[in-house]
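Residue-level structural notes
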Amino acid sequence: MTVPADPSQHEHDLVLVVDFGAQYAQLIARRVREARVYSEVVPHTMPVEEMVARNPRAIILSGGPSSVYEAGAPAVDPAIFRTGTAVFGMCYGFQLMAQGLGGTVSATGAREYGRTRVHVGHPGTLLGGIPLEHNVWMSHGDSVTGAPEGFDVLASTESTPVAAFEDVDRGLAGVQWHPEVLHSEHGQKVLEHFLWDIAGCRQTWTIGNIAEEQIERIREQVGPDARAICALSGGVDSAVAAAIVQKAIGDRLTCVYVDHGLMRKGETEQIERDFVASTGAQLVVVDAEKQFLDALAGVTDPETKRKIIGREFIRTFEAAEVDIIKSAPEGSKVKFLVQGTLYPDVVESGGGEGAANIKSHHNVGGLPEDLEFELVEPLRALFKDEVRLVGEQLGLPPEIVWRHPFPGPGLGIRIIGEVTRERLDILREADAIAREELTRSGLDRDIWQFPVVLLADVRSVGVQGDGRTYGHPIVLRPVTSEDAMTADWARLPYEVLEKISTRITNEVREVNRVTVDITSKPPGTIEWE
Ligand SMILES: Nc1ncnc2c1ncn2[C@@H]1O[C@H](COP(=O)(O)OP(=O)(O)OP(=O)(O)O)[C@@H](O)[C@H]1O
Ligand SMILES: O=c1[nH]c(=O)c2[nH+]cn([C@@H]3O[C@H](COP(=O)(O)O)[C@@H](O)[C@H]3O)c2[nH]1
Ligand SMILES: NC(=O)CC[C@H](N)C(=O)O
Ligand SMILES: [Mg+2]
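The shown structure was predicted, so the numbers you read here are calculated from the model rather than taken from an experiment. (Residues numbered from 1 in each chain as written. Chains lettered and ligands numbered in written order. Predicted model: local features only at pLDDT ≥ 70, side-chain atom pairs only at ≥ 80, totals over all residues. Heavy atoms only, no water.)

1. Some details on the nonpolar core
Among the nonpolar cores identified, the biggest contains 118 residues, and Leu-61, Val-240, Phe-317, Phe-450, Ile-474, Leu-476 and Ile-504 are the most heavily contacted of them. If near-sequence neighbours (up to four positions away) are discounted, Leu-61 is found in contact with Val-18, Phe-20, Val-76, Ile-80, Phe-81, Val-87, Phe-88, Gly-89, Met-90 and Gly-93. Formed by 40 residues, the second largest nonpolar core is a distinct cluster that contains Phe-88, Val-120, Val-136 and Ala-173. (Core = buried A, V, L, I, M, F, W, Y, C linked by side-chain atoms within 4.5 Å. Buried < 20%, exposed > 50% of the residue type's maximum accessible area, 1.4 Å probe, protein only. Contact = heavy atoms within 4.5 Å.)

2. Digging into the environment of Leu-283
Secondary-structure assignment places Leu-283 in strand S14 (residues 283-287). As for Leu-283 and Glu-272, which are separated by eleven residues in sequence, their C-alpha atoms are 8.0 Å apart. If sequence neighbours within four positions are ignored, Leu-283 has contacts with Leu-232, Cys-255, Tyr-257, Ile-271, Glu-272 and Val-276. (Helix = DSSP H or I, 4+ residues; strand = E, 2+ residues; numbered from the N terminus.)

3. What about empty space enclosed by the protein?
Picture a little ball the size of a water molecule; that probe, rolled over the atoms, points out where space is still empty. By the definition in use, this model includes three cavities of 30 Å³ or more. Volume-wise, the largest cavity comes out at about 870 Å³. Looking at the lining of the largest cavity, the elements with two or more residues in it are helix H6 (236-249), strand S13 (253-259), helix H9 (302-326) and helix H10 (343-351). Sort the elements by how many residues they give to the lining of the largest cavity and H9 lands first, with five residues. The residue inventory of the lining of the largest cavity, partitioned by class, reads 21 nonpolar, 15 polar and ten charged. (1 Å grid on protein atoms, 1.4 Å probe; cavity = no way out; pocket = protein on both sides within 12 Å on 5 of 7 lines; lining within 4 Å. Points joined across faces, edges and corners; volume = space filled by probe spheres on them. Nonpolar A, V, L, I, M, F, W, Y, C, P; charged D, E, K, R; others polar.)

4. Overview of the packing of H6 against helix H11 (residues 384-393)
Axis separation between H6 and H11 bottoms out at 10 Å; the angle between their running directions is 45°. Between H6 and H11, the crossing angle belongs to the class labelled oblique. Relative to H11, the crossing made by H6 is left-handed. Contacts between H6 and H11 involve Val-236, Asp-237, Val-240 and Ile-244 on the former and, on the latter, Lys-384, Val-387, Arg-388, Val-390 and Gly-391. Of the residues belonging to the contact of H6 with H11, the class tally is five nonpolar, one polar and three charged. (Axes fitted to C-alpha atoms, helices over the stretch in contact; angles between N-to-C directions. Parallel < 35°, antiparallel > 145°, perpendicular 65-115°, else oblique. Left-handed = near helix turned anticlockwise from the far one by under 90°.)

5. Looking at the sheet that holds strand S15 (residues 334-338)
The strand order S14-S13-S12-S15-S16 describes an open sheet built from five strands, whose pairing is parallel. Looking at the sheet topology across the chains shown, the edges are occupied by S14 and strand S16 (374-376). With strand direction ignored, the average angle separating the axes of adjacent strands in the sheet is 30°. Taken together, the four bridges between strand S12 (residues 227-231) and S13 define a ladder with parallel strand orientation. (Pairing = 2+ DSSP bridges.)

6. Quick notes on the layout of surface pockets
Within this model, the largest pocket holds a volume of roughly 780 Å³. Taken together, 35 residues line the largest pocket, and the ones lying closest to its centre are Gln-23, Tyr-24, Ser-139, His-178 and Val-181. Those elements giving two or more residues to the lining of the largest pocket turn out to be helix H1 (25-34), helix H3 (92-100), strand S6 (112-120) and strand S7 (133-140). Counted by class, the lining of the largest pocket contains 15 nonpolar, 15 polar and five charged residues. Here the second largest pocket defines a volume of roughly 530 Å³. Lining the second largest pocket are 23 residues, and of these Arg-403, His-404, Arg-435, Thr-439 and Asp-444 lie nearest its centre. Per element, the largest residue contribution to the lining of the second largest pocket is six residues, and it comes from helix H13 (residues 421-440). Counted by class, the lining of the second largest pocket contains seven nonpolar, five polar and eleven charged residues.

7. Some remarks on the packing of aromatic side chains
This structure, assessed with the given rule, holds eight aromatic pairs. When the centroid spacing of 6.0 Å and the interplanar angle of 40° are considered together, the rings of Tyr-343 and Phe-383 count as tilted. Placement of Tyr-343 in helix H10 and of Phe-383 in the loop between S16 and H11 is noted, with a sequence separation of 40 residues between them. A relative accessible area of 1% places Phe-383 in the buried class. Members of the aromatic cluster, connected to one another through ring pairs, are Phe-94, Phe-151 and Phe-165. When the ring centre of Phe-406 is taken as reference, the NZ or CZ atom of Arg-264 above it lies at 3.8 Å. Stacked on the ring of Trp-402, the Lys or Arg Arg-445 has its end atom at 3.9 Å from the ring centre. (Phe/Tyr/Trp six-rings, centres within 6.5 Å; stacked < 30°, edge-to-face > 60°. Lys NZ or Arg CZ within 6 Å of the ring centre and 35° of its normal.)

8. Some words on the pairing of strand S4 (residues 86-90)
Along S4, five of the five residues are buried, which leaves the element largely enclosed by surrounding structure. Of the two faces of S4, the one holding Ala-86, Phe-88 and Met-90 and the one holding Val-87 and Gly-89 are both buried throughout. Two strands pair when backbone bridges link them, and strand S3 (residues 58-61) and S4 are joined in this way by four bridges, in the parallel orientation. Looking at the pairing, Ile-59 lines up with Val-87 of S4. Here four bridges tie S4 to strand S11 (residues 172-175), and the two strands are oriented parallel to one another.

By themselves these figures say nothing about function.
See the structure below:
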């Protein structure tokens, strides 16, 4: 992936997180930032000299799906442990460190997944002040069976004799568990002991720096005369991106909102009315409903839908550019497109090192190849809750900062089957009812997102008004999450579900059945397509 903001090394210490195909490498980077140290994820294929050239204060080796002793498993040059830079290994990274320094790693048959009790025998620096017995989150099949020379073994579990070790003099440490996940008790403390006490990182990074540094960076990227368009959806990501870019280049920024006909009920009117009032942004609203629906006609495959929508977005911005230039001073062509892209959009589109393509987000994997704009994406390294903090600091109103996420492809990826205007109208009505009842129940802030899905190609038999109906099912998909990378199905109160079900079947013609999706992510994803 493209690396995010590169803050001046003089001001902040840098921690590199080396990704061995981990699920949550970016979560580690985020936890490091929470410890007030700047951090970036890099691929394991980056040569050690290149890492050292970035002058990091510490390096963290992530987890990963492989076994270190297999031929062809992702490895790291053991020279990394002799560069004088502090190194911390987690899970696979811990096993790599053991193997690289002469210890042993083997498949002992003792697999530990999920909650595991850890016994701290000798706290050392890494586990100092942490309860000697506590629960951590494990996910491994291999174990370190012999620590390398010079290391103190700090902890064990019932089936893992070497679950943590350190060699403070060389600045090396590791744990078999995942301190980065929410469920590991004292995980943040362990990480902080490594960063602050073993590696000596200075605690200078704050989320506030992101806005300031991005403003500076964008000023340089865009230069003194060029103009930019911001793809603005009314969502928090693009609102924060727009606010940052506006601070950098002022009125050379024009926001463009695309009404592609896949928006929810009343959304376009609300954005036209409230967004400009609360942010003072210059906003152009483009009605592109016909263009998008024509392009989507006959299409049912989710990835094809996503690619078409991504392409049509860009074509719409290109057309809007022509109008903006007409009203702009001579020679100031629009060269830049600002998007509110976040890290999960990049990773899920297959943009992480060795990461699978789960779905092509319209603003990343769905972009056409002949894109002429240069992208400006100030939030590309962040997670949603970090963006919300930045938004609050920039003074955006709570209605924008705390809005539920809504995907760029909109209802187009919530109609399972071909997207038509008639189906969109059905879904819009059902969605409006579900959202209205959720708000009425006072649960908006407890729920991350509440997709409502129309199974347009499925029909089921019902009985309404003593007559037979043959209508479509609606799926309610309320979820809780921290960052959209993982999610759980929300346990909405039965009364709320009942109200929604009754109202949808009474008020929306064509719908005679309402179901609730009770799948977590993984194995499901939040959206159905
Ligand atoms: N209707 C739209 N018109 C213009 N740009 C859009 C539209 N929908 C999405 N985008 C662009 O695509 C980006 C990604 O969309 P995404 O939904 O992830 O972010 P968001 O809408 O800004 O925030 P949220 O995730 O809270 O909905 C947006 O930040 C924005 O730049
Ligand atoms: O702007 C977007 N363009 C897209 O193409 C896209 N696909 C999914 N999403 C949103 O991303 C988060 C994770 O979604 P999934 O669990 O469905 O992968 C959820 O918040 C989804 O709503 C998108 N947002
Ligand atoms: N989560 C991990 O990093 C797992 C490491 C290794 N694949 C194991 O099973 O032990
Ligand atoms: Mg959105």
